Amino acid sequence: MKAALCTHYGPPEELEVKDVPSPRPGKGQVAITVRACGVNFPDVLLIQDKYQFKPALPFAPGGEIAGIVKEAGEGVTNPKPGDAVIASIGHGGFAEEALADAARCIAMPEGLDFAVASSFFITYGTSWHALRDRAVLKSGETLAVLGAAGGVGLAAVEIGHAIGARVIAGASTAEKVELAKAHGADDGFVYPAGRLSKEQQKALSEDIKRLTGGNGADVLFDPVGGDYAEPALRAMNWGGRYLVIGFAAGEIPRVPLNLTLLKGCSIVGVFWGAAVARDPKKGFADLHEITRWIAEGRLKPHVSARIPLARAGEAIRLLMDRKAQGKVVVVP
Ligand SMILES: NC(=O)c1ccc[n+]([C@@H]2O[C@H](COP(=O)([O-])OP(=O)(O)OC[C@H]3O[C@@H](n4cnc5c(N)ncnc54)[C@H](OP(=O)(O)O)[C@@H]3O)[C@@H](O)[C@H]2O)c1
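Rules of the game
Residues numbered from 1 in each chain as written. Predicted model: local features only at pLDDT ≥ 70, side-chain atom pairs only at ≥ 80, totals over all residues. Heavy atoms only, no water. Helix = DSSP H or I, 4+ residues; strand = E, 2+ residues; numbered from the N terminus. Contact = heavy atoms within 4.5 Å. Salt bridge = Lys/Arg side-chain N within 4 Å of Asp/Glu carboxyl O. Buried < 20%, exposed > 50% of the residue type's maximum accessible area, 1.4 Å probe, protein only. Domains from an automatic or database assignment. Buried area = accessible area lost by both parts, 1.4 Å probe. Nonpolar A, V, L, I, M, F, W, Y, C, P; charged D, E, K, R; others polar. Expected span 1.5 Å × (residues − 1). Near = heavy atom within 4 Å. Polar contact = N/O pair within 3.5 Å; in protein donor to acceptor, adjacent residues only side chain to side chain. Areas by Shrake-Rupley, 256 points an atom, 1.4 Å probe, with all protein chains shown as cover.

1. Some words on the environment of G240
Now for step 1: Along the polypeptide, G240 turns up in strand β12 (residues 236-244).
Now for step 2: Taking the C-alpha atoms as reference points, G240 and L287, 47 residues apart in sequence, are found 27 Å from one another.
Now for step 3: Among residues more than four places away in sequence, those in contact with G240 are A217, D218, G264, C265 and S266.

2. Quick word on the pattern of salt bridges
Now for step 1: Tallied over the entire structure, the rule returns 22 salt bridges.
Now for step 2: Close ionic contact of E16 with K18 constitutes a salt bridge, the shortest N to O distance being 3.6 Å.
Now for step 3: Close ionic contact of R317 with D321 constitutes a salt bridge, the shortest N to O distance being 3.2 Å.
Now for step 4: Overall, the relative accessible area of 25% leaves R317 in the partly exposed class.
Now for step 5: For D321, a relative accessible area of 36% gives the class partly exposed.
Now for step 6: Among the charged side chains, a salt-bridge network with shared partners connects E13, R317 and D321.

3. Here's the deal with the domain arrangement of the protein
Many analyses report the size of an interface as the accessible area lost when the parts associate.
Now for step 1: Along its sequence, the protein is organised into domain 1 (2-119 + 301-331) and domain 2 (123-273).
Now for step 2: In this structure, domain 1 and domain 2 have C-alpha centres spaced 29 Å apart.
Now for step 3: Contact with domain 1, which involves 12 residues of that partner, is made by 19 residues of domain 2.
Now for step 4: Looking only at domain 1, the three residues that lose the most surface to domain 2 are H302, R322 and Q325, adding up to 48% of its buried area.
Now for step 5: Inspection of the region where domain 1 meets domain 2 yields zero salt bridges.
Now for step 6: Here the side of domain 1 that touches domain 2 is composed, by residue class, of four nonpolar, six polar and two charged.

4. A short note on helix α4 (residues 151-163)
Now for step 1: Between its first and last C-alpha, α4 extends 19 Å over 13 residues, near the 18 Å set by a 1.5 Å rise per residue.
Now for step 2: The buried count for α4 comes to 10 of 13 residues, which makes it a mostly enclosed element.
Now for step 3: Taken residue by residue, α4 has V152, G153, L154, A155, A156, V157, E158, I159, G160 and I163 as its buried positions.
Now for step 4: If you follow the buried residues of α4, they end up packed against α3 (121-134), β8 (142-145), β9 (166-171), α5 (174-182) and β11 (217-222).
Now for step 5: A positive phi of about 105° marks G164, the residue just after α4.

5. Some remarks on the site of the ligand
Now for step 1: Neighbouring residues of the ligand: 25 residues in total, closest S172, K176, Y191, V270 and R322.
Now for step 2: Residue I245 places a main-chain N or O atom 2.9 Å away from a nitrogen atom belonging to the ligand.
Now for step 3: For the ligand, an oxygen atom lies 2.8 Å from a polar atom in the backbone of W272.
Now for step 4: Surface burial for the ligand is 91%, taken as the share of its 890 Å² of free accessible area covered by protein chains.

Structure (structure tokens):
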């Protein structure tokens with residue numbers, strides 16, 4: 001079978017598509033014929049040795065897949081060979097076949113496209129956990145989302161809207177803001193890409209305040225970090241919750257803590273993968289619920305690009321260059 005391998009750390013153009021032996025499932029595992037693999041920002045970091053987890057080289061990136069069970073390992077009765085499943089696998093999805101823990105597979109609802117099915121575990125799982133468990137977002141509150149057309153950002157827009165919040169979308173282009181509005185954002189603003197000057201930071205704060213009637217956001221969802229974080233924190237409402245999701249801009253921000261005192265607000269860390277590892281039962285119950293909402297059409301994951309395995313590096317490049325909207329998927 002073919003796999004797009006990271007044989008050495010570097011840019012996505014240096015992934016190598018190679019023939020490798022089919023993986024055989026061990027105890028508690030299944031081998032899956034991969035029909036689609038969702039791409040996430042951690043894939044960008046993994047291949048550059050910038051992520052907190054470091055798989056041994058060579059490895060295939062790709063942490064979430066949809067496909068057909070090919071073979072079940074010892075002790076596995078569910079899922080069975082022939083079943084269509086969605087699985088969270090950490091890495092290994094940029095391949096024609098991959099291994100998954102049987103306990104980390106969910107039956108794919110009928111009628112769901114493989115690309116869509118492979119695109120939502122990590123992003124919707126993260127944003128669901130962030131908004132429901134960490135921020136406890138309530139109907140009628142205001143949610144501001146940075147990077148609102150990206151993977152976790154667009155999921156946050158949809159979930160926030162479904163909870164009944166008023167959603168404000170921030171993104172680096174008008175096209176991205178429009179996409180977020182099409183997915184449930186009530187209003188939006190465009191911020192500059194790249195490093196922000198003091199004036200541009202001030203404008204970002206003012207945009208959030210203007211769009212929240214001068215109050216600021218009750219919940220701020222920040223997967224971007226860098227220069228965007230402090231001005232966003234300055235635009236929090238009293239009692240607000242600022243969600244630290246990630247640092248796609250590259251830099252981990254350092255913020256003046258007096259802002260939390262002045263606003264009576266909280267900075268709340270979010271680490272979905274660790275939360276699921278600590279309470280897998282709840283994590284998978286959430287994923288079942290999200291899958292049900294998608295099957296019912298209440299959430300609509302947006303797949304903007306389907307890239308063949310032979311050109312898998314291009315998929316990661318789209319995220320790195322800030323060109324991805326919603327989700328990019330690799331299709332073996
Ligand atoms: N905490 C958790 O449990 C968890 C789980 C999953 C992901 N994450 C993190 O969340 C972040 C987003 O992940 P994702 O999969 O949603 O990625 P994504 O689809 O690429 O979205 C990231 C967004 O960040 C913005 N951005 C700002 N500066 C950027 C830059 N220099 N390069 C690329 N994007 C930039 C872009 O929006 P604009 O152009 O509109 O600014 C982009 O849409 C990552 O840091 C990831 O590690 C955290």
